[in-house]
Amino acid sequence: MCGIVGLYLKNSALESQLGKLFEPMLIAMTGRGPDSAGFAIYGDEVSEDMIKLTLQHEDEHYPWHILAEKLEEEFKTDVSVMHNANAAVLKLKADETSVRETIAEFDPSIRIMSVGRSIEILKEVGLPEQIAERFTLSGMKGSHIVGHTRMATESGVTMEGSHPFSTGMDLCLVHNGSLSNHNRLREELQKEGIQFETENDSEVAAGYLTWRLRQGASVQEALEGAIEDLDGFFTFTVGTKDGFAVVRDPIACKPAVMAETEDYVAMASEYHALSTLPGIENAKLWEPDPGKVYFWGKG
Amino acid sequence: MKFDLKTQTVREVNQALHDLPKDKQAEVEINGISGDHNLAVGMDHPVKITLNGHAGYYCAGMNKEAEIIVNGNAGQGVAENMMSGKVHVKGNASQSAAATAHGGLLVVDGDAAARCGISMKGVNIVVKGSVGHMSAFMGQSGCLVVCGDAGEALGDSLYEAHLYVKGKVESLGADCIQKEMRSEHLEELSALLKEAGCDDNPEDFTRYGSGRQLYNFKVDNTSAY
């Protein structure tokens with residue numbers, strides 16, 4: 001069992017309150033997933049020629065400025081660094097592949113959580129409430145956010161096993177359920193050049209999306225492929241630069257409920273997590289159909 | 001009697017409901033609900049309970065004798081294993097509504113999601129909207145009335161439950177077939193529609209039931225499962 005929550009703001013006046021609105025949603029899902037939690041927040045977008053990376057290190061006092069100096073030297077550009085607990089968000093003018101290579105060479109113990117122009121992924125082992133507090137979720141601004149609370153089933157309780165999983169530039173995936181064909185699929189994807197860091201089944205789903213997107217599929221097409229090729233139980237929420245998508249397996253084993261008002265679209269594993277949103281009393285509420293891709297956002 | 005879940009826990013409220021004197025008919029209102037699970041479960045006497053708000057999982061589970069009204073939506077497994085009494089959901093119901101229920105009546109004013117009436121064992125269910133896929137899966141006894149449409153695999157592996165659908169059926173499950181609507185069925189359906197407060201014409205419904213080919217395992221039928 002795990003909990004998934006997502007919130008996409010239609011009313012930009014609420015963007016300064018995104019973290020505040022989202023924090024109780026994440027904490028409400030503690031019962032479904034008390035061992036780890038994480039979220040991907042979108043906003044504070046950088047220009048087209050820049051990228052933004054979220055990095056993490058076990059050492060809370062990791063000297064990120066030394067890495068920044070190295071990147072400045074390597075790419076002949078300014079690098080801005082923002083610390084948040086044991087994570088850091090770096091912004092610079094460079095391409096994704098070269099930056100990944102440079103960071104891996106500089107210090108392989110640095111974990112790259114996300115790369116994109118808008119996304120920041122923060123996740124950790126522990127109770128959702130502690131994690132929200134640690135990263136000061138309530139003070140965060142942005143346009144949309146997806147989160148996950150984990151109750152480990154397929155693999156151990158580790159930071160690597162916690163969600164969201166990054167699936168490409170500005171894309172991430174959170175999963176509630178369990179996949180039955182992940183071992184074989186992992187082997188097939190590895191042959192296609194997709195790398196995995198854990199034994200986790202959800203990481204295979206993320207790897208599958210990465211593979212389809214690399215082949216040129218749209219998010220919609222990649223998710224339609226996932227319904228065909230992934231066997232098992234799942235509700236996925238996928239964050240994109242402009243919104244989020246929700247998909248359930250064809251027999252809808254895992255729960256999901258949606259709410260929509262003039263101000264926002266929200267999803268959660270249980271209604272309980274939506275009950276603190278403003279105007280929820282009069283929101284349109286429904287359960288997404290099985291085997292169907294839903295997308296909310298721009299374009 | 002009134003309860004407020006903003007100040008009281010579900011455990012406290014359920015305990016207070018169970019402690020009500022069995023010989024008196026009480027009326028109870030529960031407010032401040034925000035999707036809490038297990039509301040009004042295990043009732044065992046003829047009390048009328050009104051829940052104002054959206055209920056979480058397993059609301060009114062194992063109900064016996066009580067009349068429980070949900071002024072909102074209900075989560076998974078509403079009225080699961082109900083024995084008698086009535087549960088009325090004014091909004092939509094999530095998956096597995098009235099699963100394995102042995103008796104009583106469940107009325108859903110909106111839609112019910114997948115597996116409505118799964119393994120039903122004598123309960124009557126009236127859904128004024130539509131039901132999701134695999135509804136009445138392995139249904140053994142009782143009636144499922146759907147005023148809207150039914151999703152895929154209606155009545156899959158059905159035993160003896162009676163299914164009445166007014167709208168279209170996406171597909172029938174293994175061993176579920178369309179059946180003749182005889183006078184006793186019209187009578188049964190009319191009574192249920194009336195009890196649920198529906199003014200639909202029973203003659204607009206189609207009856208479905210078991211083809212009785214899969215009761216006992218026969219190797220020749222393997223492909224039908």
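Because the structure is a prediction, the values reported are computed rather than measured.

Caption draft 1: Local environment of the nonpolar core. The biggest cluster of nonpolar side chains holds 51 residues, and the ones touching the most others in it are L17(B), I30(B), I49(B), L106(B) and L144(B). The next biggest cluster of nonpolar side chains, apart from the first, holds 33 residues, and it includes L18(A), L26(A), L122(A) and A266(A).

Caption draft 2: Local environment of the pattern of salt bridges. All names here are of chain A. Overall, the coordinates contain 20 salt bridges over all chains when judged by the stated rule. Two residues, E45 and K241, come together in a salt bridge whose shortest N-O distance is 3.3 Å. With a gap of 196 residues between them, E45 in the loop between strand 2 (36-42) and strand 3 (51-56) and K241 in the loop between strand 11 (232-239) and strand 12 (243-248) connect regions that are remote in the sequence. Relative accessible area serves as the criterion here: at 46%, E45 is assigned to the partly exposed category. On the basis of relative accessible area, K241 is assigned to the partly exposed category, the value being 24%. Residue R134 pairs with E60 through a salt bridge whose shortest N-O separation is 2.7 Å. You can see R134 sitting in helix 4 (residues 128-134) and its partner E60 sitting in the loop between strand 3 and helix 2 (64-75), a full 74 residues away along the chain. Given the relative accessible area of 31%, R134 is considered partly exposed. What you see here is one network of salt bridges that share partners, running through E58, R111 and E160.

Caption draft 3: Summary view of the interface of chain B and chain A. If you look at the interface, chain B gives 13 residues, while chain A gives 15 residues. Between chain B and chain A, the buried area comes to about 1000 Å², and carbon and sulfur atoms account for 45% of it. Taken together, the links from chain B to chain A amount to eight residue pairs in polar contact (both at pLDDT 80 or more). When the residues that make up the side of chain B that touches chain A are grouped by side-chain class, the tally is two nonpolar, 10 polar and one charged.

Caption draft 4: Focus on the sheet that holds strand 5 (residues 87-92) of chain A. All names here are of chain A. Pairing within the open sheet is antiparallel, and its four strands lie in the order 4-5-3-6. Because the sheet does not close on itself, it has two edges, and the strands there are strand 4 (79-84) and strand 6 (111-116). The sheet shows a mean angle of 20° between the axes of neighbouring strands, direction not considered. Across six bridges, the pairing between strand 3 and strand 5 is antiparallel. Counterpart to K52 in the pairing with strand 5 is K91. Contacts from helix 3 (residues 96-106) reach strand 3, strand 5 and strand 6 within the one sheet, and its direction differs from that of strand 3 by about 25°.

Caption draft 5: How the structure looks around the packing of helix 2 of chain A against helix 3 of chain A. Residue and element names in this part refer to chain A. Packing of helix 2 against helix 3 brings their axes to within 11 Å, and their N-to-C directions diverge by 130°. When the axis of helix 2 is compared with that of helix 3, the two are oblique. The handedness of the crossing between helix 2 and helix 3 comes out as right-handed. Seen from helix 2, the contacting residues are I66, L67, K70, L71, E74 and F75; seen from helix 3, they are S98, V99, T102, I103 and F106. Here the contact of helix 2 with helix 3 is built from residues that sort into seven nonpolar, two polar and two charged.

Caption draft 6: Expanded view of the sheet that holds strand 9 (residues 162-165) of chain B. Residue and element names in this part refer to chain B. Here 11 strands make up an open sheet; going across it, the order is 1-2-3-4-5-6-7-8-9-11-10 and the pairing mixed. Pairing within the sheet leaves two strands with one partner each, and these edge strands are strand 1 (2-4) and strand 10 (176-179). When strand polarity is set aside, the average angle formed by the axes of neighbouring strands in this sheet is 15°. Of the pairings in the sheet, the one linking strand 3 (residues 48-52) to strand 4 (residues 67-71) comprises five bridges and is parallel in character. Note that in strand 4 the partner of I49 across the bridge is I68.

Caption draft 7: Structural context of helix 1 (residues 10-18) of chain B. Residue and element names in this part refer to chain B. All of the buried residues along helix 1 are V10, V13, N14 and L17. Along the axis of helix 1, the buried residues cluster in a sector spanning 95°; they form a single face. Of the surrounding secondary structure, the elements contacted by the buried residues of helix 1 are strand 1, strand 2 (27-31) and strand 3.

Caption draft 8: Layout of the pairing of strand 2 of chain B. Residue and element names in this part refer to chain B. Side chains V28 and I30 of strand 2 all project onto a buried face; the interleaved residues E27, E29 and N31 project onto a face where none is buried. In the sheet, strand 1 pairs with strand 2 via three bridges, with the strands oriented parallel. Note on strand 2: the bridge partner recorded for D4 is N31. For the crossover that starts at strand 1, traverses helix 1 and ends in the parallel strand 2, the hand is right-handed.

Caption draft 9: Structural view of the confidence of the model for chain B. Residues with a pLDDT of 70 or more make up 100% of chain B, whose mean pLDDT is 95. Among the scores for the predicted complex, ipTM is 0.84 and pTM is 0.91.

Caption draft 10: Quick peek at the side chain of N14(B). Residue and element names in this part refer to chain B. The residue N14 is located in helix 1 in this model. At 2.8 Å, the side chain of N14 forms a polar contact with the backbone oxygen of N38. For N14, the side chain forms a polar contact with the main-chain nitrogen of A40, separated by 2.9 Å.

Caption draft 11: Spatial organisation of empty space enclosed by the protein. Residues and elements named next belong to chain A. A complete count under the given rule lists one cavity of 30 Å³ or more for this structure. Lining the largest cavity, in full, are C2, R150, M151, T153, E154, H163, H175, G177, N200, D201 and S202. Those elements that provide at least two residues to the lining of the largest cavity are strand 10 (171-179) and helix 6 (201-214). Of the residues in the lining of the largest cavity, the class split is two nonpolar, six polar and three charged.

Caption draft 12: Representation of the packing of helix 6 of chain A against helix 7 (residues 219-229) of chain A. Residues and elements named next belong to chain A. In contact at an axis separation of 9 Å, helix 6 and helix 7 are set at 130° when each is read in the N-to-C sense. Between helix 6 and helix 7, the crossing angle belongs to the class labelled oblique. The way helix 6 lies across helix 7 gives a crossing that is right-handed. Side by side, helix 6 and helix 7 meet where Y208, L209, R212 and L213 of the first sit next to V219, E221, A222, L223, G225, A226 and D229 of the second. Here the contact of helix 6 with helix 7 is built from residues that sort into seven nonpolar, one polar and three charged.

About the cut-offs
- Residues numbered from 1 in each chain as written.
- Chains lettered and ligands numbered in written order.
- Predicted model: local features only at pLDDT ≥ 70, side-chain atom pairs only at ≥ 80, totals over all residues.
- Heavy atoms only, no water.
- Core = buried A, V, L, I, M, F, W, Y, C linked by side-chain atoms within 4.5 Å.
- Buried < 20%, exposed > 50% of the residue type's maximum accessible area, 1.4 Å probe, protein only.
- Salt bridge = Lys/Arg side-chain N within 4 Å of Asp/Glu carboxyl O.
- Helix = DSSP H or I, 4+ residues; strand = E, 2+ residues; numbered from the N terminus.
- Contact = heavy atoms within 4.5 Å.
- Buried area = accessible area lost by both parts, 1.4 Å probe.
- Polar contact = N/O pair within 3.5 Å; in protein donor to acceptor, adjacent residues only side chain to side chain.
- Nonpolar A, V, L, I, M, F, W, Y, C, P; charged D, E, K, R; others polar.
- Pairing = 2+ DSSP bridges.
- Axes fitted to C-alpha atoms, helices over the stretch in contact; angles between N-to-C directions.
- Parallel < 35°, antiparallel > 145°, perpendicular 65-115°, else oblique.
- Left-handed = near helix turned anticlockwise from the far one by under 90°.
- Arc of directions from axis to C-beta.
- Right-handed = clockwise from strand over helix to strand, strands pointing away.
- pLDDT = per-residue confidence, 0-100.
- 1 Å grid on protein atoms, 1.4 Å probe; cavity = no way out; pocket = protein on both sides within 12 Å on 5 of 7 lines; lining within 4 Å.
- Points joined across faces, edges and corners; volume = space filled by probe spheres on them.

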